[in-house]
Amino acid sequence: MPLSSSDHDYAQVVHVDDTRLDASIAIQFKEDFRNLTEGGGDIILEMSQVEFLDSSGLGSIVAVFKGLGPDRAMALAGLQPAVEKVMTLTRMNTVFAIFPSLDDALAAAAAPHAAE
């Protein structure tokens, strides 16, 4: 599963570098995500390249989110229209903060720290 990661001031960004997040790669996604994020901190899952998301892919996103624990947040950024529709239909848009772009997600992650 092609995932990459970059650290920013207030969140780690995990980029999904594939056009599909489905049953064929869901298990590898979970394993790779856990390896990339074991250091702690909040996560932004950047999904601008993902054009297709099935129930297995959605389940893998929920699983890695639950695996982060209660003291870590995870937001989604850059969803393509078809992926955003899945999130809306499954009401996952009430579980995850969803941002139109990575820049918007990074700004939201920095906002609580602006007064520091």
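Participant: Help me understand the sheet that holds strand β7 (residues 97-99), please; the structure alone is not making it clear to me.
Facilitator: Two orientations exist for strands paired in a sheet by backbone hydrogen bonds: parallel and antiparallel. Read from one edge of the open sheet, five strands run β1-β2-β4-β6-β7, paired in mixed fashion. For this open sheet the edge positions go to β1 (3-7) and β7, each flanked by a neighbour on one side alone. For this sheet, the mean inter-axis angle between neighbouring strands, taken without regard to orientation, is 25°. As defined by bridge partners, strand β2 (residues 12-16) adjoins strand β4 (residues 43-46) across four bridges and the pair is classed as parallel. Bridging across to β4, Val 13 finds its partner in Ile 44.

Participant: Before we go on, may I ask you to explain the nonpolar core in this structure?
Facilitator: It is characteristic of soluble globular proteins that their nonpolar side chains tend to be buried jointly. Counting residues in hydrophobic clusters, the biggest one holds 23 residues, and the most contacted among them are Phe 29, Phe 33, Leu 45, Met 47, Ile 61, Met 74 and Leu 76. Where this core is concerned, the elements lending two or more residues are β2, α1 (26-37), β4, α2 (55-68), β6 (74-77) and α3 (81-89). Looking at which element gives the most residues to this core, the answer is α2, with four residues. Once residues lying within four places of it in the same chain are set aside, the contact partners of Leu 76 are Leu 45, Met 47, Ile 61, Met 87, Phe 96, Ala 97, Ile 98 and Phe 99. One finds Ala 11, Ile 44, Leu 102 and Ala 105 within the second-largest nonpolar core, a separate group that totals ten residues.

Participant: Sorry if this is basic, but what is going on with the pairing of β2 here?
Facilitator: Put simply, side chains in a regular strand alternate between the two faces of the sheet. Within β2, five of the five residues are buried, which leaves the element mostly enclosed by the surrounding structure. Residues of β2 alternate between two faces, with Gln 12, Val 14 and Val 16 on one and Val 13 and His 15 on the opposite face, all of them buried. Between β1 and β2, which pair antiparallel and follow one another directly, the connecting turn spans four residues.

Cut-off values and rules
Residue numbers restart at each chain and count upward from 1, following the sequence in its written direction. Per-residue local features are limited, in this predicted model, to residues with pLDDT of at least 70; the limit for side-chain atom pairs, both in listing and counting, is 80 or more; totals at the level of whole chains, interfaces and linings are taken over all residues. As a rule here, side-chain values come from all non-hydrogen atoms in the structure, and water together with hydrogens is ignored. Any two strands are treated as partners once DSSP identifies two or more bridges connecting them. For helices the rule is a DSSP run of H or I covering at least 4 residues; for strands it is a run of E covering at least 2, with both sets numbered from the N terminus onward. Note on method: axes are straight lines fitted to C-alpha atoms, helices fitted across the in-contact stretch only, with angles between N-to-C directions ranging 0 to 180 degrees. Think of a nonpolar core as a cluster: buried Ala, Val, Leu, Ile, Met, Phe, Trp, Tyr and Cys residues, connected wherever their side-chain atoms sit within 4.5 Å. Here the term buried applies to any residue with accessible area under 20% of the maximum for its type, exposed to any over 50%, and partly exposed to those in between, with areas from a 1.4 Å probe on protein chains only. Here, two residues are considered to be in contact whenever any of their heavy atoms come within 4.5 Å of each other.

On their own, these measurements won't tell you what the molecule is for.
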